[in-house]
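Spelled out, the chains give:
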Amino acid sequence: MKKKKQRIGVWILPALVSMSVIQFLPGFVSVLMGFTNLGVQNITNIANTKFVGLRNFIGIFKKGTVTGNQFMISLFGTLEYTFLATAVTFLFGLGLALLLNQDFRGRAFVRAALIVPWIVPGVVAAFIWRLMFLSDYGVINKLLRHAGLIKENIFWLLEDKALMSLVIAHLWSNLPFVMISILAALQTISEELYEACKIDGGNVFQRFLYITVPGIKNVSVMIVLLSFIKGAGEFTLPYVMYGRSAPPGKANLISILVYQTSFQTWEFGQGAAMSCVVLVIMLLLAILYMRLAMQEEKE
C-alpha cells in the first residue's frame, strides 16, 4: 500500500510542478506586484522597486482621480456586462432547449446547426462580429437599411451601443453551451411526470413550473455561475472587437483596463492591484460554484 502511494506521488509530482510554474507562481508574483511601485520609472531597474503597502489598491478606488474613475467605470461596466450577457444567454438557451426537446422533423439538423458557433474559435468569432458591426460597411447596418428599420447608419462600436454589441457577440458564441447543457437536463426528466400532470389537469405553464424548473434547477445554477466567471474575466472578445483602441465607457471591461494599465502605460503595480480585485471576485464565484457542485453530488 505504501509503495502504491509512493508511485502515485511520483506520477502526480510532474503535474504539480508544471502547475506551480505555469499558474501558481505567476499568480503569486502578480499579487506581490500589487503591493509595489513597479512601473515605468523603475521597469529597467527592478532593484529600485519599493514596497508601498495598500497604496495601489487605495489609488484604484479613490474618487476624483483618473485611475480611480476609470477603474470604477470599468468595474461597474464589467458587472453590467456580466449580468446582461448571463441573463440573455440563459433565457435564449432555455428557449431553444425547450424547442429542441420537442419531436419535430429536422430536429437533428437544427441541433447541429446551432452548435456551429461553439466550434468557431473565440478570436475568429470576435473579428467576424467586429466586421459585421462596422458602421459603413458592416452587414448588420446594411440589412437594417434594406429592411427599412433605419435610415442612418448606427455606430454599434461607439458610445452607448458598445456594451450591447459585446453582449450580442457573447450571446452568439456562448449560446450553444447553455442550450446543450439545459437540453441534456431536460432529457433526464421522465415523460411519466408530464403525463401524470396532464391527467391531474395541469396546463403547460404548470408543467413547466412544477416539473421542468425543478428538473433543470441544478444545471441552471451551474450555468449561471460559470457564465459569471467567464464574464468577469472576458478579454478576447472586447480586445479583438476594438483592436488596440480603448473600448468606450463601460465597454472597457476590467480585463482590458488591466492590460492597458500594465502594458500600455507600464504601471505594473496598479495593473496588478486591479488583477487582485478581479481575482477575489473570481475566487468567490469559484468557491460558490464548488459548494453547489458538492451539494448536488450529495443530493
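Structure first, text after, so check above.
Residues numbered from 1 in each chain as written. Predicted model: local features only at pLDDT ≥ 70, side-chain atom pairs only at ≥ 80, totals over all residues. Heavy atoms only, no water.

### Focus: the nonpolar core
For step 1, the next point in the chain: In terms of nonpolar packing, the biggest core is built from 21 residues, with Tyr81, Phe133, Leu166, Leu237, Met241 and Tyr242 touching the most fellow members.
For step 2, the next point in the chain: Secondary-structure elements contributing two or more residues to this core are α3 (66-100), α5 (122-132), α7 (161-186) and α10 (236-242).
For step 3, the next point in the chain: With five residues, α7 is the single largest residue contributor to this core.
For step 4, the next point in the chain: Excluding residues that lie within four positions of it along the chain, Tyr81 makes contacts with Leu163, Leu166, Val167, His170, Gly231, Glu234, Leu237 and Leu253.
For step 5, the next point in the chain: Leu100, Ile182, Ile189 and Ile211 belong to the second-largest nonpolar core, a separate cluster that totals 16 residues. (Core = buried A, V, L, I, M, F, W, Y, C linked by side-chain atoms within 4.5 Å. Buried < 20%, exposed > 50% of the residue type's maximum accessible area, 1.4 Å probe, protein only. Helix = DSSP H or I, 4+ residues; strand = E, 2+ residues; numbered from the N terminus. Contact = heavy atoms within 4.5 Å.)

### Some remarks on a nonpolar patch on the surface
For step 1, the next point in the chain: A contiguous nonpolar patch, built from Val10, Trp11, Ile12 and Leu16 and spanning about 450 Å² of accessible area, is present on the exposed surface.
For step 2, the next point in the chain: By secondary structure assignment, the location of Trp11 is in helix α1 (residues 2-33). (Patch = residues over 30% accessible without salt bridge, like charges linked within 9 Å, V, L, I, M, F, W, Y side chains within 5 Å. Areas by Shrake-Rupley, 256 points an atom, 1.4 Å probe, with all protein chains shown as cover. Salt bridge = Lys/Arg side-chain N within 4 Å of Asp/Glu carboxyl O.)

### A closer look at the pattern of salt bridges
For step 1, the next point in the chain: Inspection of every chain in the model, using the stated rule, returns one salt bridge.
For step 2, the next point in the chain: In this structure, the salt-bridge partner of Lys250 is Glu80, at a minimum N-O distance of 2.9 Å. Linking Lys250 in the loop between α10 and α11 (254-263) with Glu80 in helix α3, this pair joins segments that are 170 residues apart in sequence.
For step 3, the next point in the chain: Residue classification places Lys250 among the partly exposed residues on the basis of a relative accessible area of 39%.

### Focus on the packing of helix α4 (residues 107-119) against α7
Angle between the axes and distance between the axes: these two values describe a pair of packed helices.
For step 1, the next point in the chain: It is the contact of α4 with α7, at a shortest axis distance of 6 Å, that shows an interaxial angle of 130°. Taken together, α4 and α7 sit at an angle that is classed as oblique. Crossing angle aside, the handedness with which α4 passes α7 is left-handed. Across the interface between the two elements, Arg111, Leu114, Ile115, Pro117 and Trp118 of α4 pack against Trp172, Ser173, Pro176, Phe177, Met179, Ile180 and Leu183 of α7.
For step 2, the next point in the chain: Its residues assigned to classes, the contact of α4 with α7 shows ten nonpolar, one polar and one charged. (Axes fitted to C-alpha atoms, helices over the stretch in contact; angles between N-to-C directions. Parallel < 35°, antiparallel > 145°, perpendicular 65-115°, else oblique. Left-handed = near helix turned anticlockwise from the far one by under 90°. Nonpolar A, V, L, I, M, F, W, Y, C, P; charged D, E, K, R; others polar.)

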